[in-house]
Amino acid sequence: MRISFWGLLVIAFGFSWSITAFEHNPRTERISGSAGDVLEDDPVGKLKVYVYELPSKYNKKILQKDPRCLSHMFAAEIYMHRFLLSSPVRTLNPQEADWFYTPIYATCDLTPTGLPLPFKSPRMLRSAIQLISSSWPYWNRTEGADHFFVVPHDFGACFHYQEEKAIERGILPLLRRATLVQTFGQQNHVCLKEGSITIPPYAPPQKIQARHIPPETPRSIFVYFRGLFYDVNNDPEGGYYARGARAAVWENFKNNPLFDISTDHPTTYYEDMQRAIFCLCPLGWAPWSPRLVEAVVFGCIPVIIADDIVLPFADAIPWEEIGVFVAEEDVPKLDTILTSIPPEVILRKQRLLANPYMKRAMLFPQPALPGDAFHQILNGLARKLPHSKNVYLKPGEKILNWTAGPVGDLKPW
Amino acid sequence: MKLSALRQSYINRRSYFRSSVPLDSSSDSAFNSPTAIFGLILHGLCCLISLFLGYRFSRLVFFFLFSTNFYTSPFRSTADLVRTLDVHSVLSTNPHLPLVNKTLPNSRVVVGRHGIRIRPWPHPDPVETMKAHRIIEIVQKEQRSQFGEKDPRTVIVVTPTYVRTFQALHLTGVMHSLMLVPHDLVWIVVEAGGVSNETASLIAKSGLKTIHVGFNQRMPNSWDERYNLESKMRLRALRIIRQKKLDGIVMFADDSNMHSMELFDEIQNVKWFGAVSVGILANSINADEMVDHKEEQENPRMPVQGPACNASNMLAGWHVFNASPYAGKSAVHIDDRGTVLPRKLDWSGFVLNSRLLWKDRGERPKWIKDIDMLEGDIESPLDLVNDPSMVEPLGSCGRRVLLWWLRVEARTDSKFPPRWVIDSPLEITVPSRHTPWPDAPPEPHANEEPIEKHSTKRTSGSKRRSKRKQNYNSAGQIDV
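What you see is a predicted model; the values in this text were computed from it and never measured.

### Topic: the overall build of chain B
Here comes step 1: Counting its secondary structure elements, chain B contains 13 helices and 14 strands.
Here comes step 2: With 480 residues in all, chain B has 43% of them scored as buried.
Here comes step 3: Counting contacts in chain B only where the partners sit at least 6 residues apart, residues at least 24 apart contribute 71% of the total.
Here comes step 4: Carbon and sulfur atoms make up 56% of the accessible area of chain B, which totals about 27400 Å².

See below:
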């Protein structure tokens, strides 16, 4: 009886304390409860990461050949490497490491216009893994189950930009047991493995910080979007690109003055987002886009039009409370959906977005700040510890098939 | 991200076609070759037909033949599809036959061509638009409460006016500016010549809280006397504020001035007595002569009246209007063609806390005079203060011009229909002298003459006015 009495007292105390913590800053809201506090977790001390020393042909030389890789939306792989090299979670003793990181810049083979070609990436990864497994014993110990790779390309480790091709290839066979840190996320999709960590695409933090306008500028645009609706080069008739959703947005709302949508490239893109209440984030050729990051950073409520998408850090950020999800089939009713959201819900979403921790969790600042995307990735990795027993293979046991996959992938790199 | 050329996508489409032909689960690979050849021939035939007809109806055929394995889409029925056969890329087509489902079993999302969903009336719905505007208003109000003024005080606006041709023009401008002010507002309109229906009906359209007071003198015809009378009218308004104990910030909005919205946000910062910079738009036709002067190579700058600060942002003096370039050319009477000049320091550049006017001495600082103690009239509100250095300069120390002064009036004998409404129908029609088209019969045309006719039907008020105007013109003096 006494224990339960004290227990009740502690619970009551904790409850009242959490309420006061909730009320403390009326302008921004902390997402209290198990999901929200996780954003502020500190991974230092919870895990140890060992960074393999790969020859520079896998990372530095590639970057030297094309420095554009540092600023495109796949640059997370490079900055993750740099962050880990100087982070307190790094350990130089592989025996005590929980996770192993392979610094390979697989997405840095760019065309003249800046788009990454994924054709060499499978071969590159295969050669890197061969190197790791022959020089260190840790890969063979678990066949990669305690290794993680950053694969920020369109469809993650499927290494193709076309969805049908990517589905056909599936995830690279050698990576079937490793943890993948990728931007692509769609439920029940071949290219999203169970246990992957979804991250936001890279958005240059300096450019974003430089374009802030005073917060008292009234938000006068109702819905804002800039981008393609029809990809005339690759899908002139429409219907393939974005599964027809972007085209539907255009056809239904091009005459609507509430919707500021067009294919222009204005110089005031970031400033306009800060003057808008809702920002559309529809899918393109892949469901993810940097618009989500930009919307969160600029305080514009993201309207996500992508069926079954898995958003970044979905286990830490309650996206349902921050953004609005619209099914692709409901796009013709988008204006009704948005105007029927009660105003107090809209104000609450704006307050949640105004939380600086939320904005920071979407960015990759250099140097790293506590609570940013690097730390969220480490938090995600830490949450998967300790590794279960079946991760460690018995000696002689082999699970991965080293010769699976298209013949072209087996060529040495 | 997608680099493949059309050829690549075409190859893909052909591969879909091939994979989708043997949809029956019972067909073995043994049967593939005749089926495949047949499929190929059929496809070629369909291509040729669509080449001539201009749309891809091969898909339609397969839709009909293989519709069992189909994910139905609820928005278009087969009947509709049959009718709407011309393929605009805009028109929706049914989702193409799916691949042998490579996505995992529970996925609803299918790779492939999807229809573009368009609702029957893709135009804005006015109800939705109103709701959206209400949401925008709520969001902006919230923004203002977070980042703007915490406790906005009521703004008390004092406007002297009188009925004349341009009254509707000027007063509507001021009225709309005041309607946009997000704070509480009280509008005190003092009218020379007594309360009239014209002014009352104009003001009633604003929806603001107004106090409409009449002043017993009629507005004189010369600018100097007009300024004097306006000062008296403003003092009258200040006495009303004192009597009603209105609480807020008093500002003077003359009916021909132009105010920016930032002005109303800036005056919330005043503590007791503040001054803002006023831009003077004193141009007139004669000003062009001065521009051609050889010494003035650059554009003549707009003169600004207001507080002047020294380097440490303390009030150091006043910028006043320099009347010397206009000496001898300024307008004396209201309908003169010369430049209308302002006084040295205009009333509209000053704002004061209404508590300065209240009877009880309580919080009032010592450097303000009591209005009841004033003998005679005051020319500018600076006469109300004993110590002019206590005036607070607003608008980043007078550097921002927040309102503009202008005086434009029509000739005093100009006629205008009361309330600018021609409400009785024009009864006199006079054929015009030229018809635009030689063949058309002469159209009965309403031109300027009816106004003169209408003038005989004017209401009694305007008749009185016209008589008054005639009295001015003949005597050039006030005729009470």
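### Focus: the overall build of chain A
Here comes step 1: Each helix and strand in chain A was counted, giving 16 helices and 10 strands.
Here comes step 2: For chain A, with 413 residues in total, the buried portion stands at 58%.
Here comes step 3: The long-range share in chain A, meaning contacts at least 24 apart out of those at least 6 apart in sequence, stands at 71%.
Here comes step 4: As displayed, chain A has an accessible area near 17200 Å², and 58% of this comes from carbon and sulfur atoms.

### Let's talk about the pairing of strand β8 (residues 304-309) of chain B
Residue and element names in this part refer to chain B.
Here comes step 1: With two bridges joining them, strand β7 (residues 277-280) and β8 adopt antiparallel strand pairing. In the strand pairing of β8, V278 is matched with Q305.
Here comes step 2: Note: β8 against strand β9 (residues 315-319), four bridges, orientation antiparallel. Each residue of the ladder has a partner; that of P307, found in β9, is W318.
Here comes step 3: Linkage of β8 to β9, two consecutive antiparallel strands, is achieved through a turn of five residues, within which N313 is found at a positive phi near 60°.

### Some points on the interface of chain B and chain A
Here comes step 1: If you look at the interface, chain B gives 49 residues, while chain A gives 59 residues.
Here comes step 2: Both sides together, the interface formed by chain B and chain A hides about 5300 Å², and carbon and sulfur atoms give 60% of it.
Here comes step 3: Where chain B packs against chain A, one counts one salt bridge.
Here comes step 4: Close ionic contact of D335 of chain A with R119 of chain B constitutes a salt bridge, the shortest N to O distance being 3.2 Å.
Here comes step 5: Put simply, the parts of the chain that give the side of chain B that touches chain A at least two residues each are α1 (6-20) and α5 (126-147) of chain B.
Here comes step 6: Partitioned by chemical class, the residues of the side of chain B that touches chain A number 19 nonpolar, 17 polar and 13 charged.

### Side note on the sheet that holds strand β9 (residues 301-305) of chain A
Across a sheet, strands are paired by hydrogen bonds formed along the backbone, either parallel or antiparallel in direction.
Residue and element names in this part refer to chain A.
Here comes step 1: Ordered by their spatial adjacency, five strands build an open sheet running β7-β6-β8-β9-β10, and the pairing between neighbours is parallel. Looking at which strands have only one partner, the edges of the open sheet turn out to be β7 (259-262) and β10 (324-325).
Here comes step 2: Its contacts with the sheet put helix α9 (residues 245-253) on β6 (221-226), β7, β8 (276-282) and β9, and the angle it makes with β7 is roughly 125°.
Here comes step 3: Here helix α14 (residues 343-354) sits on the sheet in contact with β8, β9 and β10, set at roughly 105° to β9.

### Some thoughts on the pattern of salt bridges
All names here are of chain B.
Here comes step 1: Applying the stated criterion across every chain yields a total of 24 salt bridges over all chains.
Here comes step 2: Across the pair R164 and E409 runs a salt bridge, and its minimum N-O distance is 2.8 Å. Remark: E409 occurs in the loop between β12 (401-405) and β13 (430-431) and R164 occurs in the loop between β1 (155-161) and α6 (167-179); sequence separation between them is 245 residues.
Here comes step 3: Here R234 ties to D254 by a salt bridge, and the two come within 2.6 Å at their closest N and O atoms. Remark: D254 occurs in the loop between β4 (249-252) and β5 (258-259) and R234 occurs in helix α8 (residues 223-244); sequence separation between them is 20 residues. Here R234 matches D254 in class, with each residue buried.

### A short note on the nonpolar core
Here comes step 1: Ranked by internal contacts, the top residues of the largest apolar core, which has 97 residues, are L84, F222 and F278 of chain A.
Here comes step 2: Those residues in contact with F222 of chain A that lie beyond four places of it in its chain are L258, I277, F278, L338 and T339 of chain A together with A132, I135 and I136 of chain B.
Here comes step 3: Residues V250, V270, L315 and I368 of chain B belong to the second largest nonpolar core, which totals 75 residues.

### Things to note about the pairing of strand β10 (residues 350-353) of chain B
All names here are of chain B.
Here comes step 1: Covered by surrounding structure in β10 are F350 and L352 together with V351 and N353, the residues of both alternating faces.
Here comes step 2: Sheet topology note: the β4/β10 ladder contains three bridges and is antiparallel. Along β10, the bridge assignment pairs M251 with V351.

### Comments concerning the layout of surface pockets
Over the atoms a probe the size of a water molecule is rolled, and this reveals where empty space is left.
Residue and element names in this part refer to chain A.
Here comes step 1: The computed volume of the largest pocket comes to approximately 1300 Å³.
Here comes step 2: Residue lining of the largest pocket: 37 residues in total, with M73, R226, H265, P290 and R291 positioned closest to the centre.
Here comes step 3: Residue composition of the lining of the largest pocket, by class: 17 nonpolar, 11 polar and nine charged.

### Looking at the side chain of D409 of chain A
Residues and elements named next belong to chain A.
Here comes step 1: By the secondary structure assignment, D409 is in the segment after α16 (373-383).
Here comes step 2: According to the relative accessible area criterion, D409 is buried, its value standing at 9%.
Here comes step 3: A distance of 2.8 Å separates the side chain of D409 from the side chain of R169, its partner in a polar contact.

### A word on the environment of T129 of chain B
Residues and elements named next belong to chain B.
Here comes step 1: Checked against the element boundaries, T129 lands in helix α5.
Here comes step 2: Accessibility expressed as a relative area gives 16% for T129, which makes it buried.
Here comes step 3: Engagement of the side chain of T129 in a polar contact is seen with the backbone oxygen of D125, the distance being 2.9 Å.

### Describing the sheet that holds β4 of chain B
Residue and element names in this part refer to chain B.
Here comes step 1: Here we have seven strands laid out as an open sheet, ordered β3-β2-β1-β4-β10-β6-β11, and mixed in their pairing. The open sheet has two edge strands with one neighbour each: β3 (209-215) and β11 (392-393).
Here comes step 2: Note: strand β2 (residues 185-192) against β3, seven bridges, orientation parallel. Bridge pairing in β3 links I188 to I211.

### Considering the packing of aromatic side chains
Here comes step 1: For the coordinates displayed, the defined rule picks out 28 aromatic pairs over all chains.
Here comes step 2: Each ring, one from F225 of chain A and one from F229 of chain A, has its centre 5.4 Å from the other, and the planes form 55°; the classification is tilted. For the pair F225 of chain A and F229 of chain A, one class covers both residues: buried.
Here comes step 3: Joined through ring pairs, the aromatic side chains of Y50, Y52, F100, W136 and Y138 of chain A make up one cluster.
Here comes step 4: Above the plane of the ring of Y162 of chain B lies R164 of chain B, whose end atom (NZ or CZ) is 4.5 Å from the centre.

### Brief notes about unusual backbone geometry
Residues and elements named next belong to chain A.
Here comes step 1: Residue P367 is reached from Q366 by a cis peptide bond, and omega for that bond is -5°.
Here comes step 2: Looking along the chain, the bond that leaves L385 and enters P386 is cis, with omega of -10°.
Here comes step 3: Position of P386 relative to the elements: it lies in the segment after α16.
Here comes step 4: Residues other than glycine seldom take positive phi values, yet E143 does so here, at roughly 55°.

### Here's the deal with a nonpolar patch on the surface
Here comes step 1: A cluster of nonpolar side chains, contributed by L45, L48, I49, L51, F52 and L53 of chain B, occupies part of the molecular surface with about 660 Å² of accessible area.
Here comes step 2: By secondary structure assignment, the location of F52 of chain B is in helix α2 (residues 32-53).

### Notes on the packing of α6 of chain B against helix α7 (residues 197-204) of chain B
Residue and element names in this part refer to chain B.
Here comes step 1: Interaxial distance between α6 and α7 falls to 10 Å at its minimum, and their mutual angle equals 30°. By the criterion of interaxial angle, the relationship of α6 to α7 is roughly parallel. For the element pair α6 and α7, the recorded crossing hand is right-handed. Side by side, α6 and α7 meet where Q167, A168, L171, T172 and M175 of the first sit next to E198, T199, L202 and I203 of the second.
Here comes step 2: Taken together, the residues that form the contact of α6 with α7 break down as five nonpolar, three polar and one charged.

### Here we look at the state of the cysteines
Residue and element names in this part refer to chain A.
Here comes step 1: Using the criterion set out here, one finds three disulfides over all chains in the structure.
Here comes step 2: Covalently, C69 is tied to C108 through a disulfide, its sulfur atoms 1.7 Å apart. Classification of the bridge connecting C69 and C108 rests on its S-S torsion, roughly 110°, and on that basis the disulfide is right-handed. Separated by 39 residues along the polypeptide, C69 in the loop between α3 (60-65) and α4 (76-85) and C108 in the loop between β2 (99-101) and α5 (121-135) bring together distant segments of the chain. Across the pair, C108 and C69 agree in class, each one buried.

### Some details on the confidence of the model for chain A
Here comes step 1: For chain A, the mean per-residue pLDDT works out to 87, and 92% of the residues sit at or above 70.
Here comes step 2: Contacts for the low-pLDDT stretch residues 18-26 of chain A, under 50 throughout, to residues beyond four places or in other chains number four contacts.

About the criteria used
- Residues numbered from 1 in each chain as written.
- Chains lettered and ligands numbered in written order.
- Predicted model: local features only at pLDDT ≥ 70, side-chain atom pairs only at ≥ 80, totals over all residues.
- Heavy atoms only, no water.
- Helix = DSSP H or I, 4+ residues; strand = E, 2+ residues; numbered from the N terminus.
- Buried < 20%, exposed > 50% of the residue type's maximum accessible area, 1.4 Å probe, protein only.
- Contact = heavy atoms within 4.5 Å.
- Areas by Shrake-Rupley, 256 points an atom, 1.4 Å probe, with all protein chains shown as cover.
- Pairing = 2+ DSSP bridges.
- Buried area = accessible area lost by both parts, 1.4 Å probe.
- Salt bridge = Lys/Arg side-chain N within 4 Å of Asp/Glu carboxyl O.
- Nonpolar A, V, L, I, M, F, W, Y, C, P; charged D, E, K, R; others polar.
- Axes fitted to C-alpha atoms, helices over the stretch in contact; angles between N-to-C directions.
- Core = buried A, V, L, I, M, F, W, Y, C linked by side-chain atoms within 4.5 Å.
- 1 Å grid on protein atoms, 1.4 Å probe; cavity = no way out; pocket = protein on both sides within 12 Å on 5 of 7 lines; lining within 4 Å.
- Points joined across faces, edges and corners; volume = space filled by probe spheres on them.
- Polar contact = N/O pair within 3.5 Å; in protein donor to acceptor, adjacent residues only side chain to side chain.
- Phe/Tyr/Trp six-rings, centres within 6.5 Å; stacked < 30°, edge-to-face > 60°.
- Lys NZ or Arg CZ within 6 Å of the ring centre and 35° of its normal.
- Patch = residues over 30% accessible without salt bridge, like charges linked within 9 Å, V, L, I, M, F, W, Y side chains within 5 Å.
- Parallel < 35°, antiparallel > 145°, perpendicular 65-115°, else oblique.
- Left-handed = near helix turned anticlockwise from the far one by under 90°.
- Disulfide = S-S within 2.5 Å.
- pLDDT = per-residue confidence, 0-100.

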